[in-house]
Amino acid sequence: MSSRSRIRCGLAAALFALVGPLAQPSAAASTEPPPSPRSSVSVTGRPYGVAISPDGGHAYVTSGWFGKLWVIDTHTQQRTSRIEAGESQDVAISPDGRRAYVTSPSKASPTVSVIDTATNMKIDDVPVGDGPFGLAVSPDGRRVYVADAYSDSLSVIDTASDKVVDEIKVGSTPVDVVISPDGRRVYVANSGYGTPTSLSVIDTATDKVVGRPGRLGNFTYGLAVTPDGRRLYVTDLLGSVSVVDTATGKATGGPVTVGSYPKDVVVSPDGHRAYVTNEHSDSLSVIDTSTNKVTDTVRVGGPTRIALTPDGRHAWITQNCCGSVRVIDF
């Protein structure tokens, strides 16, 4: 078996091994009424990635092996388009809303699909490293950074040419990417099967790794940066969230105990809350960022990825287990 195949098999085994035995303490009770699920939108396949357009009008949802990108009107909660996007994993939207970028981790042809959101048509496929998972678009829209899990690398796409202009070696099995609000730093979560998990910090001016904060957990996965760029929230699939000071690269809070298998995390536009999807606990943890304490837990079946509308009032959460997207009002 090749080393690449061993990584693939090892990652899959590690993910499945975490099912079942992980039971986490319940979150502290809140003195305020918790948010509640409002509705759900059915999609075909196994939805994973979700992104909201900058104007808040549309949600874009990947469907995994089904090979579609669903476009949903956030106001009517009706599906308005179904785009052929190959084996789709994650999705990101350009700051001007004109392009959607979708990772396709096909073994035969790993790519990032480029979607014109005006026509809802795929206009390009950009070959990237092996096993593309998470991705992020720079604040100026000029670059897309793609975590290539099975290449241990980060592909850098120039959006003017839709070509890879750099490939940066990072840690073991990178799965998620976020960019600082000023666009100067890229943070990569290295899930690290077989090696210590880590973060890689990249200077966007040079495309060089400039920092590798120490181990933050056993299985680093989801990332979110606060609007002021000062803190980074990092999930560990074993049931916690670390808080990293981006100036020092050191953990400054936590780890915060959440539910089982926390897959994703986002921070509200005002920076006051962090929301964590706990896939195996069927819940969403709400963290007060001023205290780094869990204040609410919302029941959501099999939550995977989460995206907030620009006003922070609504969360769109993919349910990989259930073929749907749950919408929650805050």
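Residues numbered from 1 in each chain as written. Predicted model: local features only at pLDDT ≥ 70, side-chain atom pairs only at ≥ 80, totals over all residues. Heavy atoms only, no water.

## Things to note about the side chain of S180
Convention followed: Helix numbering and strand numbering both begin at the N terminus, where a helix is a DSSP run of H or I of at least 4 residues and a strand a DSSP run of E of at least 2. Three labels apply to residues, based on accessible area from a 1.4 Å probe with only protein chains included: buried if under 20% of the type maximum, exposed if over 50%, partly exposed otherwise in between. For the purposes of these results, a polar contact is taken to be a pair of N or O atoms within 3.5 Å, where, inside protein, one atom must be able to donate a hydrogen and its partner to accept one; residues adjacent in sequence count only when each atom of the pair is a side-chain atom. Contact between two residues is taken to exist if any of their heavy atoms lie within 4.5 Å; hydrogens are not considered.
With respect to the element layout, S180 can be found in the loop between β14 (174–179) and β15 (185–190). By relative accessible area, S180 is classed as buried at 4%. Here R184 takes part through its backbone nitrogen, which lies 3.2 Å from a polar atom of the side chain of S180. What S180 contacts, discounting residues up to four positions off in sequence, is P139, R185 and Y187.

## Side note on the state of the cysteines
Our working rule: Cysteine sulfurs are considered disulfide-paired once they come within 2.5 Å of each other.
As enumerated under the stated definition, the model contains one disulfide in all. Put simply, C321 and C322 are joined by a disulfide, and their sulfur atoms are 2.5 Å apart. Taking the sign of the torsion about the S-S bond as the criterion, the disulfide between C321 and C322, at about -55 degrees, is left-handed. Here C321 falls in the partly exposed class, since its relative accessible area comes to 49%. Using a relative accessible area of 45% as the deciding quantity, one classes C322 as partly exposed.

## A closer look at the sheet that holds strand β24 (residues 283–288)
Worth spelling out the cut-off: We call two strands paired when DSSP finds no fewer than two bridges between them. Helix axes use the C-alpha atoms of the stretch in contact, all axes being lines fitted to C-alpha atoms, and the angles between their N-to-C directions lie in the range 0 to 180 degrees.
Strand order across the open sheet formed by four strands is β22-β23-β24-β25, with antiparallel pairing between neighbours. Two strands lie at the open edges of the sheet, namely β22 (262–267) and β25 (293–299), each paired on one side alone. Strand after strand, the sheet turns through a mean of 20 degrees between neighbouring axes, direction not considered. Summarising the sheet, strand β23 (residues 273–278) and β24 pair through six bridges and their orientation is antiparallel. Residue T277 lies in a different strand from β24, and its bridge partner there is L284.

## As for the sheet that holds strand β17 (residues 208–211)
Strand order in the open sheet formed by four strands is β14-β15-β16-β17, and the pairing between neighbours is antiparallel. The open sheet has two edge strands with one neighbour each: β14 and β17. Shown here is a sheet whose adjacent strand axes are inclined to one another by a mean of 35 degrees, direction ignored. Of the strand pairs in this sheet, strand β16 (residues 198–203) and β17 are connected by three bridges, and their pairing is antiparallel. Bridging across to β17, D203 finds its partner in K208.

## Considering the environment of G131
Within the secondary structure, G131 sits in the loop between β9 (121–127) and β10 (132–137). The class for G131 is buried, based on a relative accessible area of 0%. Residues G131 and P105 lie 26 residues apart in sequence; the distance between their C-alpha atoms is 4.5 Å. Residues in contact with G131, not counting those within four places in the same chain, are P105, P110, A147, D148, A149 and Y150.

## Here's the deal with the pattern of salt bridges
So the rule is basically this: Definition used for salt bridges: Asp or Glu carboxyl oxygen within 4 Å of a side-chain nitrogen of Lys or Arg.
All told, the structure shown has 10 salt bridges when counted by the stated rule. Measuring nitrogen to oxygen at the nearest pair gives 1.9 Å for the salt bridge that ties K68 to E84. Of this pair, K68 sits in strand β4 (residues 68–73) while E84 sits in strand β5 (residues 78–84); the two residues are 16 residues apart in sequence, bridging distant segments of the chain. On the basis of relative accessible area, E84 is assigned to the partly exposed category, the value being 47%. One network of salt bridges, with partners in common, ties together D90, D176, D264 and R305.

## Here's the deal with the pairing of strand β27 (residues 314–319)
Burial runs high along β27: six of the six residues are buried. Burial along β27 is two-sided: H314, W316 and T318 facing one way and A315, I317 and Q319 facing the other are all buried. Judged from the four bridges that link them, strand β26 (residues 303–308) and β27 form a sheet pairing that is antiparallel. Across the sheet, the residue bridging to L308 is A315, located in β27. Linking β26 to β27, which pair antiparallel, is a turn of five residues; within it G312 sits at a positive phi near 75 degrees.

## Concerning the environment of S109
Topologically, S109 is positioned in the loop between β7 (99–104) and β8 (111–116). The class for S109 is partly exposed, based on a relative accessible area of 41%. When the C-alpha positions of S109 and V126 are compared, they lie 9.8 Å apart, and in sequence the two are 17 residues distant.

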